[in-house]
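Secondary and tertiary structure notes
Spelled out, the chains give:
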Amino acid sequence: MPKLTPTNAAPGLHVSKPSPSEPATASAVCHCGASASAKGDAQVGALVTGWNANHGAAHGK
């Protein structure tokens, strides 16, 4: 299985939640150079919302 963590060479968003009782984690790297990470369900939710609004496909608009 390939490594799923985003890098500058392979930007993207990766979210993981191993089980319902464990906190979610996320990491993101955008082709514009921005990067972020989060731990905890609320923080991961905020990171995903920000990614969707400001990075990833948003750069194509």
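Above this note sits the structure.
Summary of the structure given here. (Residues numbered from 1 in each chain as written. Predicted model: local features only at pLDDT ≥ 70, side-chain atom pairs only at ≥ 80, totals over all residues. Heavy atoms only, no water.)

Notes on the pattern of salt bridges
The cut-off we apply is this: In the sections that follow, a salt bridge refers to a side-chain nitrogen of Lys or Arg positioned within 4 Å of a carboxyl oxygen of Asp or Glu. Helical segments are the DSSP runs of H or I of at least four residues, strand segments are the runs of E of at least two, and each set is numbered from the N terminus. Burial status follows relative accessibility: with a 1.4 Å probe on protein chains alone, a residue under 20% of its type maximum counts as buried, one over 50% as exposed, and anything between as partly exposed.
In this structure the tally under the stated criterion is one salt bridge. We note a salt bridge from Lys 17 to Asp 41, for which the minimum N-O separation is 3.0 Å. Separated by 24 residues along the polypeptide, Lys 17 in the loop between strand 1 (12–16) and strand 2 (25–29) and Asp 41 in helix 1 (residues 41–54) bring together distant segments of the chain. Taking relative accessible area as the criterion, Lys 17 reaches 37% and is therefore assigned partly exposed.

Quick word on the environment of Pro 6
Note the following rule: The contact criterion used throughout is that any non-hydrogen atoms of two residues lie within 4.5 Å.
With respect to the helices and strands, Pro 6 occurs in the segment before strand 1. Not counting residues up to four positions away in its chain, the partners in contact with Pro 6 are Pro 11, Gly 12, Leu 13, His 14, Ser 27, Ala 28 and Val 29.

Let's talk about helix 1
Applicable threshold: Multiplying 1.5 Å by the helix residue count minus one yields the expected span of that helix. The arc in question is the one traced by the directions running from the helix axis out to the C-beta atoms.
For helix 1, with 14 residues, the first-to-last C-alpha span of 20 Å sits near the 20 Å given by 1.5 Å per residue. Those residues of helix 1 lying buried are Val 44, Leu 47 and Trp 51. Burial along helix 1 is one-sided: seen end-on, the buried residues are contained in an arc of 60°. Those residues of helix 1 that are exposed and aimed more than 90 degrees away from the buried face are Ala 42, Ala 46, Thr 49, Asn 52 and Ala 53. In the core, the buried residues of helix 1 are packed alongside strand 1, strand 2 and strand 3 (35–39). Positioned one or two residues after helix 1, Gly 56 has a phi angle of 55°, which is positive.

By themselves, these observations are geometric and do not establish any function.
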